[in-house]
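Structural characterization, general
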Amino acid sequence: MAVETYEVFGQMKMGPAGSCPAVLHGKKAKIKCAEGDIFELPADAMALSLRARKDLLENGCETELDYPKITKSVMAKLAEYLKHHREHACSEIRTPLTSENLVDSGASRWDASFVNVDKETLFDLTAAASYLDIPGLWFLLSAKAAVLTNNKTADKLRKEFSMANDFPAAEEAELRREYAAAFKMPDADLSQLAASSVIRSGVKAAEYKSGKALEDSGEAQEVTLKSWRHAMWRAAVLDDWKLLANAPEQVKSDRDLVKSAVLTSQGQALKFASPELKSDESLVLDATRYSGTAFADAAPELRSDKNFLLKALGAHGGAMTGAPDALRNDKAFLLEAAKAGKGAAMQGASLALREDRNFVLDMSVHDAEAYKFAAEDLLNDKDFAVAVAKRNGKALKFMLPVFKADPDVVRAAVSRDPQAAQFAHAARRAELGMVQESIHGEVQLKEELQSQIKAAQEDSSTTTTLAMAQGPRQVPAQALAASMSSTYLKLNKTVFFTAMSTMTANMGQANYISSNAYMDKIPQFERPEVDAVGLMWGAVGGIGMRWKAFASEDVLNKTPEALLTIPDSCKVLHVACCTISPPEWFSASHFDETTRGYYLQQTAGQIKLELSEVTASAQSWEKQVEADRKALEDLPTIDRRPVPNNFAAAAPLGGWPSLVKSQSPAVPQIVGALQKGSKVRLTGLRAKNGVTGTLIQQFGDGKWKVKLDDGSGNALLRPGFFEPLQA
């Protein structure tokens, strides 16, 4: 089984990855090394190399794999490792290492013996493992290198690895100070940095020897590899790219190092590169691909070159922001970019051009994305949105949400391009028949996903290659961004995890309850554009924060029947994530009969009466409401909300909450029948007793809409909760 490596809080870890594809079992792989010799290995053994696995799956086992960077001696050693681990799983090496004996840290005795080689062979194998992408071997070799350099001073490491002592004392002290400041250490011990520098220099020397390094003059490269000064700066910059700012010019001219810094900084490190590298078209395009603003740090001759600028715009539309003012005001050039599918260049156009209606329309005709970067006044202009939609329906993708829901704008866009419907508001898509009603919407979600993927593929710009900034660490070859890509999909579903504590709060849970109550309301505002739902999560046993905090001492363990199991939770999540148009929020939990009754009993607007169980079960719901109303008629009203005449000015928060007796004015005589426009007085309620209002509308179920005189809005009430007043 293959192995993968990953990072956890700055520590490299390893774990099992996917098994060998079945199509490779029982077949042979042929590997050609640098000297031309052919190695024949079982394909499932060679598949431990992720690079070889990819090549075998793409080209077939009959095709000879040519790896000119791997020498015969190194390939023989690799074959030994691959054949062994075809039958024996890689043992997990625990980090940080517990001792200098790798066996104590989890390595098998065979693995520990395998890496018991001289330093040159160790680094040759490390370079090969990185080139062929063999994570298990790379991790093992890195652990061995760490053992070789552990607990050794910087001076001892320099001598042991035969590095030239060319590091000026003043410059070394400055690097120590900057390195300590970068990692917020009171005093930087350069021994750790030195260990990193000799390992990286050793690997780079192996890469250079195998021909994998960049094409430099042999003599200059040899001098650089033996330079202690360069090695220390290189290791420091790989740990924190910002240290490149004050590095010597020789370090800033190291193309390989600057390229790594550009990767980890998402393009920002280009500003610290040497003038020569700022004129390097390939390096500038790499930096621009990560961040369009990095183009501003390119050499002036590149920024002024129209042909190269078009290439940079293909990498990132934001490159236009770094172009000279003359080009940012050049209508002809911007139109040429839009015709080439680079309408995103509009974001770097001058404000005058982004405010020019006719010019933005012309740009949007050729590339809809140009509309996205128009001036704010144009983006908020509905008439302009309709005009753009009539010329290029795909511009709907880049419009404000209010226009994506506007029938006129959507109609104009869809009339121009039916495919634009997928960018419209859910309500408009429903009108167009694109949203189907269903209990379980897996089919609809899959169809939506496919339509969005198709739209992303039709996007004029190529898929953006991304490299996520991981924090200060060396980036091995297999971690580079060559295989990392992204696309953009429209958000269709959100699930907010709240809790039933909104309804069953305990003392001391104020912050928790307020947070849950807030999330309970979010789905209301996201709908209908996003099918949002709030899930009032119940107690789950054997997993999660409760288990981590209380484990076997959890009080809920006394009622295991009330705990959701993991399979129960999977079912609940399936419903929450896949059901189309569910309630805005719902609860999922196990209840005993009594608790379930409490939750299902309707209590709003009532005061519980002391009734026997027999009486309570015999009375209908309507009779209970009538009994509550009569019980309240002769009671003084106690109100906990700031309704008129129910607060004292000197009371805390203006009398809310308050237990002050209401000072309502005298109640008018109750006369007459109910009809539209009748004045009524509310009664039988906890909060609004005595408030007057006007009947506005009666509904089919008998309820009346009442406009309240206290200015608090309208109420929807049954006739039992208000009484008519004299006109």
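Residues numbered from 1 in each chain as written. Predicted model: local features only at pLDDT ≥ 70, side-chain atom pairs only at ≥ 80, totals over all residues. Heavy atoms only, no water.

**Some words on the overall build of the protein**
The helix and strand tally for the protein stands at 33 helices and 13 strands. A burial count over the protein gives 42% of its 727 residues as buried. Once local pairs closer than 6 in sequence are excluded, the contacts in the protein between residues at least 24 apart make up 57%. Counting every atom, the protein has about 39100 Å² of accessible surface; 53% of that belongs to carbon and sulfur. (Helix = DSSP H or I, 4+ residues; strand = E, 2+ residues; numbered from the N terminus. Buried < 20%, exposed > 50% of the residue type's maximum accessible area, 1.4 Å probe, protein only. Contact = heavy atoms within 4.5 Å. Areas by Shrake-Rupley, 256 points an atom, 1.4 Å probe, with all protein chains shown as cover.)

**Quick notes on the confidence of the model for the protein**
Of all residues in the protein, 78% have pLDDT values of 70 or greater, and the mean over the chain is 80. A low-confidence stretch, residues 435-441 stays under pLDDT 50, and its non-local contacts, those more than four residues away or across chains, total 17 contacts. In this model residues 638-671 is a low-confidence stretch, pLDDT under 50, and it forms 48 contacts with partners more than four residues away in sequence or in other chains. (pLDDT = per-residue confidence, 0-100.)

**Regarding the sheet that holds strand β3 (residues 28-32)**
Taking strand neighbours across the sheet as the criterion, the three strands line up as β4-β3-β5 in an open arrangement whose pairing is mixed. Of all strands in the sheet, those with a lone pairing partner are β4 (38-42) and β5 (65-66), marking the two edges. Sheet topology note: the β3/β5 ladder contains two bridges and is parallel. Across the sheet, the residue bridging to I31 is L65, located in β5. Sheet strands touched by helix α3 (residues 72-87): β3 and β4. Its angle to β4, the strand with the most contacts, is close to 10 degrees. (Pairing = 2+ DSSP bridges. Axes fitted to C-alpha atoms, helices over the stretch in contact; angles between N-to-C directions.)

**A word on the sheet that holds strand β11 (residues 704-708)**
Taken in spatial order, the five strands line up as β12-β11-β10-β9-β13 in an open sheet, and their pairing is antiparallel. Edge positions in the sheet fall to β12 (714-717) and β13 (722-724), since each has one partner strand and no second. Ignoring strand direction, the axes of neighbouring strands in this sheet form an average angle of 40 degrees.

**Regarding the packing of helix α5 (residues 119-132) against helix α9 (residues 190-209)**
At a minimum axis separation of 8 Å, α5 and α9 run at an interaxial angle of 70 degrees. Taken together, the axis directions place α5 and α9 in an arrangement best described as roughly perpendicular. Across the interface between the two elements, E120, F123, D124, T126 and A127 from α5 touch V198, I199, G202, V203, A206, E207 and K209 from α9. Here the residues of the contact of α5 with α9 sort into six nonpolar, two polar and four charged. (Parallel < 35°, antiparallel > 145°, perpendicular 65-115°, else oblique. Nonpolar A, V, L, I, M, F, W, Y, C, P; charged D, E, K, R; others polar.)

**So, the packing of helix α17 (residues 306-315) against helix α19 (residues 331-339)**
α19 packs onto α17 with a crossing angle of 45 degrees between their chain directions and a minimal axis gap of 11 Å. In terms of their interaxial angle, α17 and α19 are classed as oblique. Crossing angle aside, the handedness with which α17 passes α19 is right-handed. Contact residues: K306, L309, L310 and L313 in α17; F333, E336 and A337 in α19. In terms of residue class, the contact of α17 with α19 is made up of five nonpolar, no polar and two charged. (Left-handed = near helix turned anticlockwise from the far one by under 90°.)

**Digging into the nonpolar core**
Counting 142 residues, the largest nonpolar core has M46, L78 and M399 as the members making the most contacts within it. When sequence neighbours within four positions are dropped, the list of residues in contact with M46 reads A29, I31, L41, A52, R53, L56, Y67, M75, L82 and L132. Among the nonpolar cores identified, the runner-up in size contains twelve residues, and L685, V691, W704 and F722 belong to it. (Core = buried A, V, L, I, M, F, W, Y, C linked by side-chain atoms within 4.5 Å.)

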